[in-house]
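This is what each chain is made of:
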Amino acid sequence: MTEPAAGGPAPVRILVCDDHVVVRAGLLALLDSAPGIEVVGEAGTGEEALALSARLAPDVVLMDLQLGAGIDGVETTRRLTTGAPTTGTATTGAPATGTGRAPHVLVLTTYDTDADITRAIEAGATGYLLKAERPEELFAAIHAAAQGRTALSGPVAGRVMANLRKPRPALTDRERDILAQLATGLGNREIARALFISEATVKTHLRRIYDKLGVDTRAGAVAVAKEQRLLP
């Protein structure tokens with residue numbers, strides 16, 4: 001890490017969270033060469049990231065999405081950005097020296113599906129970067145995230161814009177009612193009873209819902225509905 005010039009801005013304090021030891025080691029070595037960036041801790045699980053963040057008060061948490069056992073990167077992000085109670089015990093690091101404010105979270109992952117991007121952003125992530133990015137892009141994104149500015153990989157930004165431009169499926173009120181019941185795990189018979197309609201009518205509406213959402217399963221319909229915010 002390059003030391004800041006006398007009287008210059010303090011370095012951005014980073015906590016790295018990735019469950020792969022080799023990947024984490026590579027990131028630490030890379031960030032050590034970055035100007036204006038200081039790695040203050042590393043975590044291999046979401047629980048450890050929460051505990052270390054409470055102790056170290058980083059400016060930015062560099063967050064992987066898939067963390068193996070325990071809570072995933074999205075849930076860890078939500079807890080970090082909302083100040084939810086931490087769990088787990090920190091095993092490394094120095095006493096906290098920050099202001100106590102919630103850190104910004106910059107997702108760094110190999111996953112760029114619409115569902116992953118949506119979940120991370122809704123959880124409070126400031127940015128979403130792919131691991132294939134060049135080091136300079138990562139450094140710039142870290143500095144942007146520290147200032148609360150959005151940082152997105154090019155492919156991710158493209159997907160976000162495409163989804164914003166994509167018109168939402170026009171569901172009828174009855175189809176929305178059935179979709180909401182479907183999301184609770186009810187079967188066709190239970191949905192029919194809840195809405196006072198016949199089971200055959202439920203099946204007819206489900207076929208129309210599947211066609212409009214471009215899916216062929218109940219789970220797929222619920223997933224797309226959540227992604228496109230079609231559920232109450």
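Just above sits the structure.
Here's a quick rundown of the structure. (Residues numbered from 1 in each chain as written. Predicted model: local features only at pLDDT ≥ 70, side-chain atom pairs only at ≥ 80, totals over all residues. Heavy atoms only, no water.)

**Examining the sheet that holds strand β3 (residues 60-63)**
Logical step 1: Here we have 6 strands laid out as an open sheet, ordered β2-β1-β3-β4-β5-β6, and parallel in their pairing. Edge positions in the open sheet fall to β2 (37-43) and β6 (151-152), since each of these has one partner strand only.
Logical step 2: In the sheet, strand β5 (residues 127-130) pairs with β6 via 2 bridges, with the strands oriented parallel. If you follow Tyr128 over to β6, its bridge partner there is Leu152.
Logical step 3: Against the sheet, helix α1 (residues 21-32) touches β1 (12-17), β2, β3 and β4 (104-109), its axis set at about 165° to β2.
Logical step 4: Each of β3 and β4 is contacted by helix α3 (residues 73-82), which is oriented at about 170° to β3, the strand it contacts most. (Pairing = 2+ DSSP bridges. Helix = DSSP H or I, 4+ residues; strand = E, 2+ residues; numbered from the N terminus. Contact = heavy atoms within 4.5 Å. Axes fitted to C-alpha atoms, helices over the stretch in contact; angles between N-to-C directions.)

**Points about the nonpolar core**
Logical step 1: Of all hydrophobic cores here, the largest spans 20 residues; its most connected members are Ile14, Leu31, Leu62, Leu106, Leu138 and Ile142.
Logical step 2: The element best represented in this core is helix α5 (residues 135-146), accounting for 6 residues.
Logical step 3: Ignoring any residue separated from it by four or fewer positions in sequence, one finds Leu106 in contact with Val60, Val61, Leu62, Met63, Gly127, Tyr128, Leu138, Ala141, Ile142, Ala145 and Ala151.
Logical step 4: Judged by nonpolar contacts, the second largest core, of 18 residues, contains Leu179, Leu182, Ile191 and Ala225. (Core = buried A, V, L, I, M, F, W, Y, C linked by side-chain atoms within 4.5 Å. Buried < 20%, exposed > 50% of the residue type's maximum accessible area, 1.4 Å probe, protein only.)

**What about the environment of Lys203?**
Logical step 1: Within the element layout of this structure, Lys203 appears in helix α9 (residues 199-213).
Logical step 2: For Lys203 and Arg189, which are 14 residues apart along the polypeptide, the C-alpha to C-alpha distance reads 9.7 Å.

**Focus: unusual backbone geometry**
Logical step 1: Even without being glycine, Ala57 reaches a positive phi, approximately 50°.
Logical step 2: Within the fold, Ala57 resides in the loop between α2 (46-56) and β3.
Logical step 3: Backbone geometry places Phe196, a non-glycine residue, at a positive phi of 60°.
Logical step 4: Here Phe196 lies in the loop between α8 (188-195) and α9.
Logical step 5: Look at Phe196 and you get exposed, because its relative accessible area is 75%.

**Remarks on the packing of α2 against α3**
Logical step 1: Here α2 crosses α3 at 15°, and the two axes come no closer than 9 Å. As far as their axial angle goes, α3 and α2 are roughly parallel. Taken as a pair, α2 and α3 cross one another with a handedness that is right-handed. Seen from α2, the contacting residues are Gly46, Ala49, Leu50 and Ser53; seen from α3, they are Thr76, Arg79 and Leu80. (Parallel < 35°, antiparallel > 145°, perpendicular 65-115°, else oblique. Left-handed = near helix turned anticlockwise from the far one by under 90°.)

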